[in-house]
Amino acid sequence: MANLFRKDQTEQDVPLKQTLREKYLNARHNILLILVFTVINVVLLITNSNTYFLFSAYVPYMIVDLGMLLCGMYPIEYYGTEFASLEFLGKGVFVAIMVIVAVILALYLLCWIFSKEITGWMVTALVFFCVDTAIMLLLNGIVSDMIIDLIFHGWVIFSLGSGISAYNKLKKLPAEEEVPVEPIAPEQL
C-alpha cells in the first residue's frame, strides 16, 4: 500500500539537480526557438509567403508587416481601390524598420547566449516576451484567430518562468561533495 503513493522508480533515480538543470536548459532552448521561428516568419513575410509559424515573437513580425504596408511592398490588389492614390514611404523607411527588427532579434540572441552563465538574461528574455504578449493582446484582443498563438505565448512565458525558478532552486541546493575515485590497476580489469 505504501508503494501506491511513491513516485516512479525512474523519477527517484533522477537527482533533483539534474531535473532543475534540464528545466533551465529547456527554457534556454525556447529562447533560441523563439529567435529562429521569428526570423523564419519575417523572411516568409518579406517573400510574400502565406505561411506563419507559431512559437515566435509577435512584435518583430508586426513591425515588418506594418513597414511593408506603409512602403507599398504588398501586391497592389492588397490595398484596394480606396488606397489607390496613397503615396507610399520610401525603401529607406523599410530599411530602418528592418534595422529595428534586427536589434530586437539581436537582443533575443544575446539573451540566449548569455543566459548560459547569467540568469539575469533569462529574466530579460521573459520580460521581452511578456511585453511582446501584452502588445499582441492590446493590438488584437482575444480573437479566435489568435487563440493558438496566445496559448503558445502563455506556454513560453510559463517555460521561461519555470527555468528562472529552477535556476534559483538550483543555487540554493548544497554543493555536491566530490568523492575521490581510485584508479583501477590494469590487472584488476
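Shown above is the structure to which this text applies.
Undergrad: Can you walk me through the overall build of the protein in this structure?
TA: When helices and strands are counted, the protein shows seven helices and zero strands. Put simply, the protein runs from its N terminus to its C terminus through helices and strands in the order α-α-α-α-α-α-α. Each of the 189 residues in the protein was classed as buried or not, and the buried ones make up 29%. Pairs at least 24 apart in sequence give 61% of the contacts found in the protein among residues at least 6 apart. For the protein, the exposed surface amounts to about 12700 Å²; the carbon and sulfur share of it is 67%.

Undergrad: Would you explain the packing of aromatic side chains in this entry?
TA: Scanning all chains against the criterion turns up eight aromatic pairs. Both rings, one in phenylalanine 55 and one in phenylalanine 152, keep their centres 6.1 Å apart while their planes meet at 90°; by these two values the pair is edge-to-face. With phenylalanine 55 in the loop between α2 (16-46) and α3 (58-70) and phenylalanine 152 in helix α7 (residues 147-172), this pair connects stretches of sequence that are 97 residues apart.

Undergrad: Would you mind going over a nonpolar patch on the surface with me for this structure?
TA: A cluster of nonpolar side chains, namely Val95, Val99, Val103, Leu107, Leu109, Leu110, Ile113 and Phe114, defines an oily patch on the protein surface of about 620 Å² accessible area. For valine 99, the position within the fold is in helix α5 (residues 91-114). Note on valine 99: relative accessible area 48%, which makes it partly exposed.

Undergrad: So what exactly am I meant to see when it comes to α5 here?
TA: Residues spaced three or four apart along an α-helix face the same direction, because each turn holds 3.6 residues. Helix length check: α5 (24 residues) gives 34 Å between terminal C-alpha atoms against 34 Å at 1.5 Å per residue, within 8%. All of the buried residues in α5 are Phe94, Ile97, Val101, Leu105, Tyr108 and Cys111. The secondary structure elements touched by the buried residues of α5 are α2, α3 and α6 (120-140).

Undergrad: I would appreciate a short explanation of the nonpolar core in the present structure.
TA: Soluble, globular proteins show a tendency: their nonpolar side chains are buried together. In this structure, Ile34, Val64, Met122, Phe129 and Leu160 are the most contacted members of the largest nonpolar core, which totals 33 residues. Contributions of two or more residues to this core are made by α2, α3, α5, α6 and α7. Once residues lying within four places of it in the same chain are set aside, the contact partners of isoleucine 34 are Phe55, Ser56, Ala57, Tyr108, Phe129 and Val156.

Undergrad: What am I meant to see in the packing of α5 against α6 here?
TA: As a packed pair, α5 and α6 sit with axes 8 Å apart at the nearest point and diverge in direction by 145°. The crossing of α5 and α6 is left-handed. Contact residues: α5 offers Leu107, Tyr108, Leu110, Cys111 and Phe114, while α6 offers Trp121, Thr124, Ala125, Phe128, Phe129 and Asp132. Taken together, the residues that form the contact of α5 with α6 break down as nine nonpolar, one polar and one charged.

Undergrad: For this particular structure, what's the right way to read the environment of asparagine 30?
TA: By the element assignment, asparagine 30 lies in helix α2. For the pair asparagine 30 and phenylalanine 55, spaced 25 residues apart in sequence, the C-alpha to C-alpha distance is 8.6 Å. Discounting residues that sit within four places of it in the chain, asparagine 30 has contacts with Phe55, Trp155 and Ser159.

Undergrad: Explain the side chain of serine 56 here, please?
TA: Mapped onto the elements, serine 56 comes out in the loop between α2 and α3. Using a relative accessible area of 0% as the deciding quantity, one classes serine 56 as buried. A polar contact is formed between the side chain of serine 56 and the side chain of tyrosine 52, at a distance of 3.5 Å. Contact partners of serine 56, with chain neighbours within four places excluded, come to Ile34, Phe37, Thr38, Asn41, Phe129 and His153.

Undergrad: Even after reading the chapter, I still don't get α7, so can you show me in this structure?
TA: Its 26 residues place the ends of α7 38 Å apart at the C-alpha level, agreeing with the 38 Å of an ideal helix rising 1.5 Å per residue. Contact partners of the buried residues in α7: α2, α3 and α6.

Undergrad: Just to check I follow, could you spell out the side chain of asparagine 41 for this structure?
TA: Looking at where asparagine 41 falls in the secondary structure, it is placed in helix α2. Take asparagine 41: its relative accessible area is 0%, and that puts it in the buried class. A distance of 2.8 Å separates the side chain of asparagine 41 from the side chain of serine 56, its partner in a polar contact. Apart from residues no more than four positions distant in its own chain, asparagine 41 is found in contact with Tyr52, Phe53, Ser56 and Tyr61.

What counts as what
- Residues numbered from 1 in each chain as written.
- Predicted model: local features only at pLDDT ≥ 70, side-chain atom pairs only at ≥ 80, totals over all residues.
- Heavy atoms only, no water.
- Helix = DSSP H or I, 4+ residues; strand = E, 2+ residues; numbered from the N terminus.
- Buried < 20%, exposed > 50% of the residue type's maximum accessible area, 1.4 Å probe, protein only.
- Contact = heavy atoms within 4.5 Å.
- Areas by Shrake-Rupley, 256 points an atom, 1.4 Å probe, with all protein chains shown as cover.
- Phe/Tyr/Trp six-rings, centres within 6.5 Å; stacked < 30°, edge-to-face > 60°.
- Patch = residues over 30% accessible without salt bridge, like charges linked within 9 Å, V, L, I, M, F, W, Y side chains within 5 Å.
- Salt bridge = Lys/Arg side-chain N within 4 Å of Asp/Glu carboxyl O.
- Expected span 1.5 Å × (residues − 1).
- Core = buried A, V, L, I, M, F, W, Y, C linked by side-chain atoms within 4.5 Å.
- Axes fitted to C-alpha atoms, helices over the stretch in contact; angles between N-to-C directions.
- Left-handed = near helix turned anticlockwise from the far one by under 90°.
- Nonpolar A, V, L, I, M, F, W, Y, C, P; charged D, E, K, R; others polar.
- Polar contact = N/O pair within 3.5 Å; in protein donor to acceptor, adjacent residues only side chain to side chain.

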